[in-house]
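These are the residues of each chain, in order.
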Amino acid sequence: MSIGHTLLGLLESGPRHGYDLKRAFDDKFGHDRPLHYGQVYSTMSRLLKHGYVEVDGIEAGGGPERKRYAITDAGITDVERWLATPEKPEEYLQSTLYTKVVLALLTHRDAADILDTQRSEHLRSMRILTDRKRKGDLADQLICDHALFHLEADLRWLELTAARLDKLREAVAR
């Protein structure tokens with residue numbers, strides 16, 4: 001996820017302080033990975049340097065001065081370009097799990113045990129996500145669905161690989 005583009009998009013609804021941006025980001029996107037304040041302020045500094053935001057005001061308070069940021073026309077254009085650009089699909093061609101299976105075969109270990117252990121871990125994650133989905137709002141349900149669909153695809157791969165272990169053993173032994 002592009003934190004900079006996400007913060008710019010949040011600014012389109014109106015000027016905000018860094019604290020407000022962090023809170024909005026965490027509320028909408030950061031359930032599993034909340035932003036650190038340092039990330040917000042370093043990102044805002046970079047966006048300011050590139051002309052995507054401007055300081056809309058500075059307020060003095062009990063602590064340090066609080067800058068209120070506003071998105072510029074260049075920032076809006078950058079968000080529009082980012083939103084219109086498709087994400088590269090993650091193809092997982094260099095899977096750690098695949099590497100473990102092949103290394104197990106090469107070293108005469110039980111690759112089926114690795115697949116079984118991984119299957120159990122995937123199923124455990126799927127139970128947690130399903131519970132979270134059941135309790136969550138629509139946004140949480142959608143992000144859980146995204147993760148669940150990926151885990152289901154992994155499970156299909158685990159089953160297919162388990163069914164082909166003998167052939168794979170022969171292929172990697174050459």
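Residues numbered from 1 in each chain as written. Predicted model: local features only at pLDDT ≥ 70, side-chain atom pairs only at ≥ 80, totals over all residues. Heavy atoms only, no water.

1. With respect to the UniProt feature "domain: Transcription regulator PadR N-terminal" (unreviewed entry) in the chain
Applicable threshold: UniProt positions are given in the numbering used here, feature names are shortened, and annotations may be inferred rather than shown by experiment. Counting from the N terminus, the helices are the DSSP runs of H or I reaching at least four residues and the strands are the DSSP runs of E reaching at least two.
The feature "domain: Transcription regulator PadR N-terminal" (unreviewed entry), as given by UniProt, occupies residues 7-77 in the numbering adopted here. Helix makes up 48% of residues 7-77 and strand 21%, with an end-to-end C-alpha separation of 14 Å.

2. Topic: the pattern of salt bridges
Oppositely charged side chains are able to pair whenever their charged atoms sit close together. Note the threshold: Only one rule defines a salt bridge in this text: a Lys or Arg side-chain nitrogen within 4 Å of an Asp or Glu carboxyl oxygen.
What the rule picks out here adds up to 13 salt bridges. Between aspartate 56 and arginine 68 there is a salt bridge whose closest N-O contact spans 3.0 Å. With a gap of 12 residues between them, aspartate 56 in strand S2 (residues 53-59) and arginine 68 in strand S3 (residues 66-71) connect regions that are remote in the sequence. In this structure, the salt-bridge partner of aspartate 116 is arginine 119, at a minimum N-O distance of 2.5 Å. Of this pair, aspartate 116 and arginine 119 both sit in helix H6 (residues 111-135), 3 residues apart, which is roughly one turn of that helix. One network of salt bridges, in which partners are shared, links Asp56, Glu59 and Arg68.

3. Description of the layout of surface pockets
To be explicit about the condition: Note on definitions: the grid is 1 Å and covers protein atoms alone; a cavity is a set of points where a 1.4 Å probe fits but cannot get out; a pocket is an open set with protein on both sides within 12 Å along at least five of seven lines; lining residues have an atom within 4 Å of a point. Grid points are joined across faces, edges and corners, and a volume is the space filled by probe spheres set on the points. Gly counts as polar in this scheme, as do all residues outside two lists: the nonpolar Ala, Val, Leu, Ile, Met, Phe, Trp, Tyr, Cys and Pro, and the charged Asp, Glu, Lys and Arg.
The space that makes up the second largest pocket amounts to roughly 330 Å³. Considering the residues around the second largest pocket, the lining is formed by 13 residues, among which Tyr92, Ser95, Leu97, Asp154 and Trp157 are closest to the centre. Among the elements of the structure, helix H5 (96-106) and helix H7 (138-163) are those that each provide at least two residues to the lining of the second largest pocket. At 6 residues, H7 tops the list of elements feeding residues into the lining of the second largest pocket. Among the residues making up the lining of the second largest pocket, the classes are represented as 8 nonpolar, 3 polar and 2 charged.

4. As for the environment of arginine 119
Definition in use: Residue exposure (1.4 Å probe, protein chains only): buried if accessible area is under 20% of the type maximum, exposed if over 50%, otherwise partly exposed. Any two residues having at least one pair of non-hydrogen atoms within 4.5 Å are treated as being in contact.
The buried category is assigned to arginine 119, whose relative accessible area is 17%. As for arginine 119 and glycine 136, which are separated by 17 residues in sequence, their C-alpha atoms are 25 Å apart. Excluding its chain neighbours within four sequence positions, the residues that come into contact with arginine 119 are Leu155, Leu158, Glu159 and Ala162.

5. A few points about the packing of H5 against H6
What counts, and what does not: All axes here are fitted lines through C-alpha atoms, helices being fitted over the stretch that makes contact, and every angle between N-to-C directions spans 0 to 180 degrees. Orientation categories follow fixed angle ranges, with anything under 35 degrees roughly parallel, anything over 145 roughly antiparallel, 65 to 115 roughly perpendicular, and all other angles oblique.
Their axes nearest at 8 Å, the elements H5 and H6 cross at an angle of 155 degrees. By the angle between their axes, H5 is roughly antiparallel relative to H6. Taken together, the residues of H6 that come into contact with H5 (itself represented by Leu97, Lys100, Val101, Ala104 and Leu105) are Ala111, Ile114, Leu115 and Gln118. Taken together, the residues that form the contact of H5 with H6 break down as 7 nonpolar, 1 polar and 1 charged.

6. What to know about the pairing of S2
Where we set the bar: Should DSSP find at least two bridges between two strands, the strands are regarded as paired.
Where S2 meets S3, 6 bridges bridge the pair, whose relative direction is antiparallel. Each bridged residue has a counterpart across the sheet, and for isoleucine 58 the counterpart in S3 is lysine 67. Connecting S2 to the antiparallel partner S3 that follows it, the hairpin turn spans 6 residues.

7. With respect to the sheet that holds strand S1 (residues 16-17)
In space, the 3 strands of this open sheet follow the order S1-S3-S2, with antiparallel pairing throughout. The open sheet terminates on both sides in strands that have one partner only, identified here as S1 and S2. Against the sheet, helix H1 (residues 3-11) engages S1, S2 and S3, with an angle of about 85 degrees to S3.

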